[in-house]
Amino acid sequence: MTANKSIDFFDAQFRRELKDAAVKLNPFESVAIPYLRGDVLDFGCGLGNLAIAAAQAGCKVTALDASPAAIEHVRLRAAAEGAGVSASVADLRDYAISGDYDSIVCIGLLMFFDCATAFKVLSQLQSHVRPGGVAVINVLVEGTTYMDMFEPSSHCLFAPSEMLDRFKGWRIEHSEFSDFDAPQATLKRFSTIVAHKPAV
């Protein structure tokens, strides 16, 4: 058992979803897929549905997640389906990205870090997108009231304008807010952005 509430929460959720064969793309992954090409980094891949779909579309995918259950599933599924996915367990709070990518996806992860860490990781992700490449980022924003999955002292609800502010100078392909009902009459409010890095 890890000492992180968020990792434990999702590791348990992934194990439950595996029993239900949850292999369908979520709405944010469905938005991302048409924009992905070349070398793809799926940073916080979960059960790897997007990673597998991107590989099946011809991308070479590196998939990272802190959940051992998720990564075990990704590896087994990629092997079974002949998908070009390299999957590894990693602590993404301080993971050093070693190469550059044509596409970097980070869906539903950064809000689980304190804000200083979230902004530092986002900056690192941006810096490893190749010129002309794409970043797809999805976070929870202020107005979210569902807090059960968070460490009390280690989470970050982004300001509604944060993504657009942090991608100034990039070409914005897609930007949207999405609200989803959560348990006990609470709310998850997401911001999703797809942005191309300026070509040199």
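Look up: the structure comes first, before these words.
Residues numbered from 1 in each chain as written. Predicted model: local features only at pLDDT ≥ 70, side-chain atom pairs only at ≥ 80, totals over all residues. Heavy atoms only, no water.

Q: Teacher, can you tell me more about helix H5 (residues 115-127) here?
A: Residues separated by three or four positions in an α-helix point in the same direction, a consequence of the helix having 3.6 residues per turn. Across its 13 residues, H5 extends 18 Å between first and last C-alpha, which sits within 8% of the 18 Å expected from 1.5 Å per residue. Lining the buried residues of H5 we find strand E1 (39-43), strand E4 (101-107), strand E5 (129-140) and helix H6 (162-166). (Helix = DSSP H or I, 4+ residues; strand = E, 2+ residues; numbered from the N terminus. Expected span 1.5 Å × (residues − 1). Contact = heavy atoms within 4.5 Å.)

Q: It is not clear to me how the pattern of salt bridges should be interpreted in this structure. Could you clarify?
A: Where charged atoms from two side chains of opposite charge approach closely, those side chains can pair. Going through the model one piece at a time under the given rule, you end up with 8 salt bridges. Residue glutamate 81 is joined to arginine 77 by a salt bridge in which the shortest nitrogen-to-oxygen separation is 2.9 Å. Within this pair, glutamate 81 and its partner arginine 77 are both found in helix H4 (residues 68-81), separated by 4 residues, close to a single helical turn. On the basis of relative accessible area, glutamate 81 is assigned to the partly exposed category, the value being 38%. The residue glutamate 173 makes a salt bridge to arginine 171 at a minimum N-O spacing of 2.7 Å. Each of Arg37, Asp39, Asp102 and Arg130 takes part in salt bridges that share partners, so that together they form one network. (Salt bridge = Lys/Arg side-chain N within 4 Å of Asp/Glu carboxyl O. Buried < 20%, exposed > 50% of the residue type's maximum accessible area, 1.4 Å probe, protein only.)

Q: Where do I start with the packing of aromatic side chains in this structure?
A: Aromatic ring pairs are described here by two measures, namely the spacing of the ring centres and the angle between the planes. The full count for this structure, using the stated rule, is 7 aromatic pairs. Here phenylalanine 28 and phenylalanine 180 contribute two aromatic rings whose centre-to-centre distance is 5.7 Å and whose plane-to-plane angle is 80°, an arrangement assigned as edge-to-face. Here phenylalanine 28 is found in helix H2 (residues 27-32), whereas its partner phenylalanine 180 is found in strand E6 (residues 171-182), with 152 residues between them in sequence. Seen in terms of ring centroids, phenylalanine 167 and tryptophan 170 are 4.9 Å apart; in terms of plane orientation they differ by 85°. Their pairing is edge-to-face. Assigned by exposure class, phenylalanine 167 and tryptophan 170 land together as buried. Three or more aromatic residues joined by ring pairs make a cluster, and in this case those are Phe28, Phe180 and Phe190. Arginine 166 extends its terminal NZ or CZ atom over the ring of phenylalanine 119, reaching a point 3.8 Å from the ring centre. (Phe/Tyr/Trp six-rings, centres within 6.5 Å; stacked < 30°, edge-to-face > 60°. Lys NZ or Arg CZ within 6 Å of the ring centre and 35° of its normal.)

Q: Explanation requested: the packing of helix H3 (residues 49-56) against H4 in the structure shown.
A: For any two helices packed against each other, the geometry is given by the interaxial angle and the distance between the axes. Contact geometry of H3 with H4 gives a least axis separation of 10 Å together with a crossing angle of 25°. As the angle between them shows, H3 and H4 are arranged roughly parallel. For the pair H3 and H4, the crossing hand works out as right-handed. For the pair formed by H3 and H4, the contact residues are Asn49, Ile52 and Gln56 on the first element and Val74, Arg77, Ala78 and Glu81 on the second. (Axes fitted to C-alpha atoms, helices over the stretch in contact; angles between N-to-C directions. Parallel < 35°, antiparallel > 145°, perpendicular 65-115°, else oblique. Left-handed = near helix turned anticlockwise from the far one by under 90°.)

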